[in-house]
Amino acid sequence: MASGAMDPKIARDSESEGEEEEEEVEESWDDWRAGEGEDDEWAPVVSVVCLFCTEQFDSSELLFEHCRLEHCFDFYGVVKNSGLDFYGSLKLVNYIRSQVSQNKCWSCDQAFKCDRDMLNHLHVTNTCFKKGTKFPWDNDFYLKPYLEDDPLLHSLSMDDEDDENGNGDVADVKLVDRKEFMNQVNFPNLEKLEDQFGKLMENGVSEEKGEENNLKVVRHGAAVRERKEVDEDYFGSYSSFGIHREMLSDKVRMDAYRDALLNNRSLLNGAVVLDVGCGTGILSLFAAQAGASKVVSVEASKKMATVATQIAKDNGAEVINVVHSMVEDIEKNLQIEPKSFDILVSEWMGYCLLYESMLSSVLYARDHYLKPGGAILPDTATIFGAGFGKGGTSMPFWEDVYGFNMSSVGKELVQDAARIPIVDTIGPLDIITDSVVLHSFDLVTMQQDDMDFTSTIELHLKPSQMMDHLNWCHGLVLWFDTDFTARFCKENPTILSTSPFGPKTHWAQTILTFREPIAMCSENGRSVISSLSSKEIGTEKCPVATVRIRVSIARASHRSIVVSLEATGLGFDGKKKNWPVQIFNL
């Protein structure tokens, strides 16, 4: 399913989009604002300015994500760890703006001579900022906006409802009327502020105050809207026939699913099958051909659901019923019994296996609709990793372009690749270390939270590379296998592999480039390199025997993932070197 990320945003039919909006039960802030009078003076959206630099963003969500990635400041993490309520969060924003204006770090109060030094400083959260301690911003002075009419404060409020439940969780974000909000934050008296804001919440934006006359503000409103928009872009992108042609032309992909479904007829014969994210319906057609008695094909793209219905009709597959829905909402569109399917099949994999986060939908379908002991196809997945050499970067191309040296371009691209993962094929000859298992998933037993994980791997040179005295490891390349194991496919177990050592697939591999390459050599190569102990480890004069990498993969914003990579070089004499953590957003 990864190809959707490769295409630009595809415009969707405005009529169908309008119909979907009419079906929405819960109004968003944008819906509310659009319903106001045309003369409303605060309707235009103003860009919000970063807390640490001059960059501007269209939303606070984008701003705080920028702060987390570029300035090592996790606003939501600080709010949660410090137990801040709405007022504490407001003070924190104004305090940081005050500190930055004085070229001071917000967390350690360190002063800098110039803006550049301050920006290069990592604003890491001070571990002493824990709930119940005295914070430097805990002063009513910081209730007053540091920037006049600061747009960031306009949409900042908290829902303290959880406190009544005693769970201590961070309050939920809500959006409020800008003009009224700014009237409140200008009061220096905290009690008056609480009273005014309480009345505002009671009268204007209570969570549910009548179905007809009052606005219903959903919890996590901003996140919900973002999730909806991302889903629309994601499923809309799969309306492109070019994407489906690419996936249908992927022989590795198609052969694996065909063999698993057609060559395990004892599993499929008479079975009731649920196909999650059916696309053109090719997997449903295989299941019908293999003898399934009923196939429910779920497709969230309206256009592709219509196409899949026609394709099933054209091929006489009367057992296939295509449903336009996300699987999480299928009961709104089809009367369906829980735990009623014998087989759950889906091609859910994205780049680096987990990009697109469709696995969560598969697990939802498993928990709600698969019979106890029912089959999941595929039923396991494994992420692999290996170190790659210079040939896995763009440097060789730019070093000789028709006889001209353009390596300056290559160096810049490598620097970019140290922040943004590259999805591309890498040649097997460019792999310089042994392949290792990064993480494995069992789709029968895993839970939603298991998609976030941390693993530590060790990379050693391949035997074929040990003939060379010195090798340079430029980064880590990731790929995955998904298995149709003998647990369910007893007649014909099958593997779908995206390995660089096998045929190419549309998933390619995911390439994570080090900021600087690490010199490696074998025990044999070490003997010809002198002065090992006196040089910096990981360099040409002191190569490492092993590269140990701590990798974390976590879901970030909806349908995206963040990969963190921390490399440690282990020398022959016990010396170590740790390189700074790198963060990659996919």
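Residues numbered from 1 in each chain as written. Predicted model: local features only at pLDDT ≥ 70, side-chain atom pairs only at ≥ 80, totals over all residues. Heavy atoms only, no water.

Looking at an unreviewed UniProt entry, one finds the protein chain named C2H2-type domain-containing protein, with Rhynchospora breviuscula as its source organism.

Novice: How do you make sense of the overall build of the protein chain when you look at a structure like this?
Specialist: The number of helices and strands found in the protein chain is 20 helices and 20 strands. Taking all 586 residues of the protein chain together, 49% fall into the buried category. Expressed as a percentage of contacts within the protein chain between residues at least 6 apart in sequence, the contacts between residues at least 24 apart total 70%. (Helix = DSSP H or I, 4+ residues; strand = E, 2+ residues; numbered from the N terminus. Buried < 20%, exposed > 50% of the residue type's maximum accessible area, 1.4 Å probe, protein only. Contact = heavy atoms within 4.5 Å.)

Novice: Can you walk me through the sheet that holds strand β5 (residues 272-276) in this structure?
Specialist: The pairing of strands in a sheet comes from backbone hydrogen bonds and takes either a parallel or an antiparallel form. Ordered by their spatial adjacency, 5 strands build an open sheet running β7-β6-β5-β8-β9, and the pairing between neighbours is parallel. Every other strand in the sheet has two partners, leaving β7 (320-324) and β9 (370-377) as the edge strands with one partner each. On average, each strand axis in the sheet is inclined to that of its neighbour by 25°, with strand direction left out of account. Sheet analysis places strand β8 (residues 341-345) next to β9, joined by 4 bridges and oriented parallel. Each residue of the ladder has a partner; that of I343, found in β9, is A375. Those strands touched by helix α17 (residues 359-369) are β5, β8 and β9, and its axis lies near 150° from that of β9. (Pairing = 2+ DSSP bridges. Axes fitted to C-alpha atoms, helices over the stretch in contact; angles between N-to-C directions.)

Novice: Please explain the pairing of strand β13 (residues 453-459) as it appears in this structure.
Specialist: Only one face of β13 is covered, namely the face carrying F453, S455, I457 and L459; the face carrying T454, T456 and E458 is uncovered. Relative to strand β17 (residues 546-555), β13 runs antiparallel, the two sharing 7 bridges. Pairing of T454 across the sheet is with S552, part of β17.

Novice: Sorry if this is basic, but what is going on with unusual backbone geometry here?
Specialist: What you tend to see is this: most non-glycine residues have negative phi, and most peptide bonds are trans. Cis rather than trans, the peptide bond between L377 and P378 has omega equal to -10°. When you line up the elements, P378 lands in the loop between β9 and β10 (380-388). A positive phi angle, near 55°, is found at C72, a position not held by glycine. Despite not being glycine, A508 has its phi angle at roughly 55°, a positive value. Note on placement: A508 falls in the loop between β15 (494-497) and β16 (509-520). Note on A508: relative accessible area 10%, which makes it buried.

Novice: What am I meant to see in the packing of aromatic side chains here?
Specialist: In this description, a pair of aromatic rings is defined by centroid distance and the angle of the planes. The full count for this structure, using the stated rule, is 15 aromatic pairs. A centroid spacing of 5.8 Å and a plane angle of 75° characterise the contact between F441 and F453, whose relative ring orientation is edge-to-face. With F441 in strand β12 (residues 436-442) and F453 in strand β13, this pair connects stretches of sequence that are 12 residues apart. Take F441: its relative accessible area is 4%, and that puts it in the buried class. On the numbers, 5.5 Å between centres and 80° between planes, the contact of F480 with W507 is edge-to-face. With F480 in strand β14 (residues 471-484) and W507 in the loop between β15 and β16, the pair connects residues that are 27 residues apart, well separated along the chain. (Phe/Tyr/Trp six-rings, centres within 6.5 Å; stacked < 30°, edge-to-face > 60°.)

Novice: Would you mind showing me how to read the side chain of T546 here?
Specialist: Relative to the elements of secondary structure, T546 occurs in strand β17. Residue T546 is classed as buried on the basis of its relative accessible area of 9%. At 3.2 Å, the side chain of T546 forms a polar contact with the side chain of H460. Not counting residues within four places of it along the chain, the set of residues in contact with T546 comprises E458, L459, H460, M520, T568, G569 and L570. (Polar contact = N/O pair within 3.5 Å; in protein donor to acceptor, adjacent residues only side chain to side chain.)

Novice: I keep staring at a nonpolar patch on the surface and nothing clicks. Help me out?
Specialist: On the surface, a nonpolar cluster with roughly 540 Å² of combined accessible area is contributed by Y402, F404, M406, V409 and L413. Looking at the secondary structure, you find V409 in helix α19 (residues 407-417). (Patch = residues over 30% accessible without salt bridge, like charges linked within 9 Å, V, L, I, M, F, W, Y side chains within 5 Å. Areas by Shrake-Rupley, 256 points an atom, 1.4 Å probe, with all protein chains shown as cover. Salt bridge = Lys/Arg side-chain N within 4 Å of Asp/Glu carboxyl O.)

Novice: Would you explain the pattern of salt bridges in this entry?
Specialist: When the charged atoms of two side chains lie near each other, side chains of opposite charge can form a pair. Enumeration according to the criterion identifies 16 salt bridges in this entry. The shortest N-O distance in the salt bridge between R68 and E65 comes to 2.6 Å. One end of the pair is R68 and the other is E65, both in helix α3 (residues 60-70) and 3 residues apart, which spans about a single turn. In this structure R68 comes out as partly exposed when scored by relative accessible area, which is 27%. Here D379 makes a salt bridge to R487, at a shortest N to O gap of 2.9 Å.

Novice: Can you help me understand the side chain of S325 in this one?
Specialist: Structurally, S325 can be placed in the loop between β7 and β8. Among all residues touching S325, those that are not within four sequence positions of it are V298, E299, A300, I330 and N333.

Novice: What is the right way to read the UniProt feature "domain: C2H2-type" (unreviewed entry) in the protein chain from this model?
Specialist: According to UniProt, the feature "domain: C2H2-type" (unreviewed entry) maps to residues 50-71 in the numbering used here. End C-alpha atoms of residues 50-71 are separated by 10 Å, and the span's content is 50% helix alongside 9% strand. (UniProt positions renumbered as here; feature names shortened; annotations may be inferred.)

Novice: Could you clarify how one ought to interpret helix α13 (residues 251-262) in this entry?
Specialist: Working note: α-helix, 3.6 residues per turn, so residues spaced by three or four point in the same direction. In this model, α13 (12 residues) spans 16 Å end to end at C-alpha, consistent with the 16 Å of a helix rising 1.5 Å per residue. α13 sits mainly inside the fold: 9 of its 12 residues count as buried. The set of residues buried in α13 consists of V252, R253, M254, D255, A256, Y257, A260, L261 and L262. The N-cap of α13, judged by a side-chain oxygen 3.3 Å from the amide nitrogen of V252 a few residues on, is D250. (Expected span 1.5 Å × (residues − 1).)

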